[in-house]
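# Coordinates in review
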Amino acid sequence: MNATEQFAATPGEDYSNLALLASALASRDLAVMAATPGELSWTDGHVIYITQNADRSQQLQQLCVQSALIASGSFERAIMEYLVRRPKHARRYLALEAKRSLLVLNDLLPPTVRKLGHSLDLPQTLSATDSLTQAKHQSNNLNLPACIGELRPKALLKTLQQEGGAAGEGTHQPRSKAHGELQELAEDANEDQEDSEDSASSPVGGGGGLGKILKNLFEQVRRIAGEGAPGADTPTHWSRSGPRAGVRAVQSSTQVDSIEDAFGRGSGYLYPEWHLFRGHYRMDWCTVHELPAPTDQHANVEWLDGIGLKKPIARLGMGLDNFHRQPQGDDLDIDALIEAQIEVAAGTSVDENVYIESQRHRRDLSVLVLLDISGSVSQTGQTGTSVHQQQRKVAAALTTVLHEIGDRVSLFAFHSQGRHAVHLVPVKRFAENLDSTVMNRLHSLKPGAYSRLGAAIRHGSTVLIDESGTPRKLLIVLSDGLAYDHGYEPEYGAADARQALAEARRDGVGCVCLSVSSHTDTQILKQVFGSAAHATVSSPQQIARLIGPLFRAALRSAESQRRTATNVNPSNSETSHAPNSARQ
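Anyway, here's the lowdown on the structure attached to this text.

What counts, and at which threshold
Residues numbered from 1 in each chain as written. Predicted model: local features only at pLDDT ≥ 70, side-chain atom pairs only at ≥ 80, totals over all residues. Heavy atoms only, no water. Helix = DSSP H or I, 4+ residues; strand = E, 2+ residues; numbered from the N terminus. Buried < 20%, exposed > 50% of the residue type's maximum accessible area, 1.4 Å probe, protein only. Contact = heavy atoms within 4.5 Å. Areas by Shrake-Rupley, 256 points an atom, 1.4 Å probe, with all protein chains shown as cover. Core = buried A, V, L, I, M, F, W, Y, C linked by side-chain atoms within 4.5 Å. Arc of directions from axis to C-beta. Polar contact = N/O pair within 3.5 Å; in protein donor to acceptor, adjacent residues only side chain to side chain. Salt bridge = Lys/Arg side-chain N within 4 Å of Asp/Glu carboxyl O. Pairing = 2+ DSSP bridges. Axes fitted to C-alpha atoms, helices over the stretch in contact; angles between N-to-C directions. Phe/Tyr/Trp six-rings, centres within 6.5 Å; stacked < 30°, edge-to-face > 60°. Parallel < 35°, antiparallel > 145°, perpendicular 65-115°, else oblique. Left-handed = near helix turned anticlockwise from the far one by under 90°. Nonpolar A, V, L, I, M, F, W, Y, C, P; charged D, E, K, R; others polar. Right-handed = clockwise from strand over helix to strand, strands pointing away.

## Remarks on the overall build of the protein
Within the protein, the secondary structure is distributed over 18 helices and 16 strands. In the protein, which comprises 584 residues, the share counted as buried stands at 53%. In the protein, 73% of the contacts between residues at least 6 apart in sequence involve partners at least 24 apart. When the accessible surface of the protein is summed, it comes to about 25700 Å², and 48% of that surface belongs to carbon and sulfur atoms.

## A short note on the side chain of Ser 539
Along the chain, Ser 539 falls in the loop between strand E16 (533–537) and helix H18 (544–568). Look past the residues within four positions of Ser 539 in its chain and what remains in contact with it is Thr 383 and Val 516.

## Concerning the nonpolar core
Core analysis: the biggest nonpolar cluster contains 53 residues, and Leu 25, Val 32, Leu 63, Met 80, Leu 83, Tyr 93 and Leu 151 have the highest contact counts within it. Where this core is concerned, the elements lending two or more residues are helix H2 (16–26), strand E3 (47–50), helix H3 (56–71), helix H4 (77–83), helix H5 (87–104), helix H6 (111–119), helix H7 (128–137) and helix H8 (153–163). When sequence neighbours within four positions are dropped, the list of residues in contact with Val 32 reads Tyr 15, Leu 18, Ala 19, Ala 22, Ile 48, Ile 50 and Leu 63.

## So, helix H17 (residues 522–529)
Taken together, the buried positions of H17 are occupied by Ile 524, Leu 525, Val 528 and Phe 529. Buried residues of H17, viewed axially, fall in a sector of 120°; they line one side. The N-cap of H17, judged by a side-chain oxygen 2.9 Å from the amide nitrogen of Gln 523 a few residues on, is Asp 521. Where H17 ends, the next residue or the one after it, Gly 530, has phi of about 60°, a positive value.

## Let's talk about unusual backbone geometry
You will see that Asp 284, though not glycine, has its phi angle at about 50°, which is positive. Locating Asp 284 in the fold gives a position in strand E7 (residues 280–290). Residue Asp 284 is classed as buried on the basis of its relative accessible area, which comes to 17%. Backbone geometry places Ser 517, a non-glycine residue, at a positive phi of 65°. Looking at the element boundaries, Ser 517 is found in the loop between strand E15 (509–516) and H17. According to the relative accessible area criterion, Ser 517 is buried, its value standing at 0%.

## Let's talk about the pattern of salt bridges
Under the criterion given, the structure shown has 12 salt bridges. When the shortest N-O distance is used, the salt bridge between Arg 152 and Glu 39 registers 3.1 Å. Taken together, the residues Arg 152 in the loop between H7 and H8 and Glu 39 in the loop between strand E1 (31–34) and strand E2 (42–43) connect sequence positions 113 residues apart. Overall, Arg 152 belongs to the partly exposed group, its relative accessible area being 23%. Between Arg 114 and Glu 489 there is a salt bridge, with the nearest N and O atoms lying 2.3 Å from each other. Of this pair, Arg 114 sits in helix H6 while Glu 489 sits in the loop between strand E14 (472–478) and helix H16 (490–506), placing them 375 residues apart in sequence. Exposure remark for Glu 489: the relative accessible area of 16% places this residue in the buried category.

## Looking at the sheet that holds E3
Read from one edge of the open sheet, 3 strands run E1-E3-E2, paired in mixed fashion. Edge positions in the sheet fall to E1 and E2, since each has one partner strand and no second. Where E2 lies against E3, 2 bridges are found, and the strand directions are antiparallel. Directly across from Trp 42, in E3, lies its bridge partner Tyr 49. Along the sheet face, H2 touches E1 and E3 and points at about 135° away from the line of E1.

## Regarding the packing of aromatic side chains
Under the definition given, this model contains 4 aromatic pairs. Ring plane angle 75° and centroid distance 5.1 Å describe the contact between Trp 274 and Tyr 281, whose orientation is recorded as edge-to-face. Overall, the relative accessible area of 8% leaves Trp 274 in the buried class. One aromatic cluster in this structure is built from Phe 277, Tyr 488 and Tyr 492.

## Thoughts on the packing of H2 against H3
Two elements in contact, H2 and H3, have axes whose closest approach is 8 Å; the angle formed by their N-to-C orientations is 30°. Considering their axes alone, H2 and H3 lie roughly parallel with respect to each other. Crossing of H2 over H3 shows right-handed handedness. Where H2 abuts H3, its residues Leu 18, Leu 21, Ala 22, Leu 25 and Ala 26 lie against Leu 60, Leu 63, Cys 64, Ser 67, Ile 70 and Ala 71. A per-class count over the contact of H2 with H3 returns 10 nonpolar, 1 polar and no charged.

## Things to note about the environment of Gly 329
Within the element layout of this structure, Gly 329 appears in the loop between strand E8 (318–326) and strand E9 (331–332). The spatial distance from the C-alpha of Gly 329 to the C-alpha of Ile 356 is 5.1 Å, given a sequence separation of 27 residues.

## Thoughts on the pairing of strand E12 (residues 408–416)
Where burial is concerned, most of E12 is hidden: 8 out of the 9 residues are buried. Here 7 bridges tie strand E11 (residues 365–372) to E12, and the two strands are oriented parallel to one another. Counted as the bridge partner of Asp 372 is Phe 414 from E12. At this point the chain moves from E11, through helix H13 (residues 387–404), to the parallel E12, and the crossover so formed is right-handed. The pairing of E12 with strand E13 (residues 422–428) spans 6 bridges and is antiparallel. Note that in E13 the partner of Leu 411 across the bridge is Lys 428. Between E12 and E13, which pair antiparallel in sequence order, lie 5 residues; one of them, Gly 418, sits at a positive phi of approximately 100°.

Laid out in C-alpha cells, this is it:
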C-alpha cells in the first residue's frame, strides 16, 4: 500500500487518516474537511479544506501543500495583514511559498508529491518575507495547478485572533468597528500605511504551537558550533556491543549543522533499519539520543488510581521458587530419593517427602513503557481530549501499578527528526524511585516532530536487555501507530517497526502495543504492529479487561520465539542474531 492509498479518503468517508498525516507534517493538531463544492483547497490554520470530488492523488497533493505552508511559517501575521486586500499579490505569494515550503519538507512528503515543488516554474525564495518581496514586484499572471489551492488571509487572521498573539497579549489595543466590507487596495498602495505587527507573535506561523516548535528548533540550530557535513555521524569509538540483532551502540562526537541533526548533537547509539524494498538491513542507519527529561514547574501533575489495572497485572510476573523435600510436587527430588534408598537399605524409616514443588513467591518481570510523543498524537482523540493526554494517562497508570506490585519498571518517551535524531527521553529509569519528580517529567512532555518507530523499539528493547536484571522482560509501546519521518514513509516505516518487534521477541522480550483513543485505522495498526500482541481502545478505562491476556500472550510469544532462535543457532553468541538471519 502506497502513501496515496493509505492516507487519502474517498468521498463519503471521514478524513481521519488524512488528518493524521497533516498533523505529522505540520507538527500541530490539524483537522481535514471537505471544501464547499466549487472551491479550491485552503486552510484557516486549524482545518485544511480539500476538494471533495478530487481523486486520491489530488487530495493528497492539496493536503501536503497546505500542511507544508503551515509547517514552514508561511502565514505570518504581518504578511497576512498586508495581503488581506491584495488578492493578486496574495496569489503570487501563495505560489512562491508553495514552492518554498514543499522543497523545505521534501524529504517528509510522500513520493507522489515530492516532484510537485520542483515542477513549479517559479523563482526559489529563502523565506516568507522574500516571497512577499518578490510577489510585490512580479506582474505576470500565474498558471498554477489546482492543487496549490487559494490563500485566505482573513480566515487566517481570524484564527490568529481566536488563539491570541500580539493582538491578544499585553496591553489592550482598541479597534474601531468596521463599517461595511473593506475595499481592495491598489497593488501600488503605500505599504507604509499598513499595520506591521511582529510576525513572531502569530500562532499560525510564530507564537502558537507551530511557532514554538520552530522557535525551539532554530534556537538549537543557532547553538551549534563548529563545522562538519550535515548528518555526519562517523563513530569515534565503541562504547558497547550487545546481543541485539545487528544493533551497535556507538558513541559519536562529530559536530552537526543541519536542522535534521540539531536535536541529536553529541553522543548516541547506532541501530540498523530494515529496508523493505531491498530486503536487507541498512547498517548503523539510525542514531538514537537519550535527551534529558524536561521539568516544567507549572505542569499539572495528576496521580492516578491505576484505572483498574492492579488486579490483572498482579497475577502476572511471578517467578517460580523451587521447594525441595515436599510431600507432593512437580518433579522428583533426586537427593531426597537417594537418601530414601539408603534408609530402605539400612532398614530405617523412610522419609516420603521426595518431591520438588514450584511455587510463585517473587516478582521476576521488568517492564519498559515506550510513549509516543510525536506531533500526530496532539490530535483530538475519540474522547474529546488529545491522544497524547490519553496515552500519558495510561503510561502513568501502568508505571504506578507495576511499581507498586514490585515489578521493575522504566518509562521512556520518543519522537524523531530524521534518522540521525531519534530522541528518547528517560522519564523513569529502572533504578529510579517513582515520585513526584517522575510524574512532573511525564506531564512536562510536549508532542512534536515525527515517529521513527523502529529505532525507538530497538533502543527500548536494548535498554530492557541490558538494564532490567530479570529473566522476563516486557516492552509496552503506546502509540497511534503512525510511523512517519524523513525518508520513513508509511509502508516502509510499518515494515521496519514490525521487524524491530520481531527482533525483540527473538531476544526474549515480550511486546505489547496499545493505541489509545486514536483515529488510526485498525488495518494500518496491523501493518505496523504485525503479529505482536496489540489492541486499540477508545479510552484508558477499557484497558483493564485486555491487559492480562495481552501480557500473557506477549510473554508466551517471546519465550517461544527465543527458544526457536536458540535452537536454530545454539551458540547464542553476540553475532548469532545477525541481520541476515533476522529477516521476516
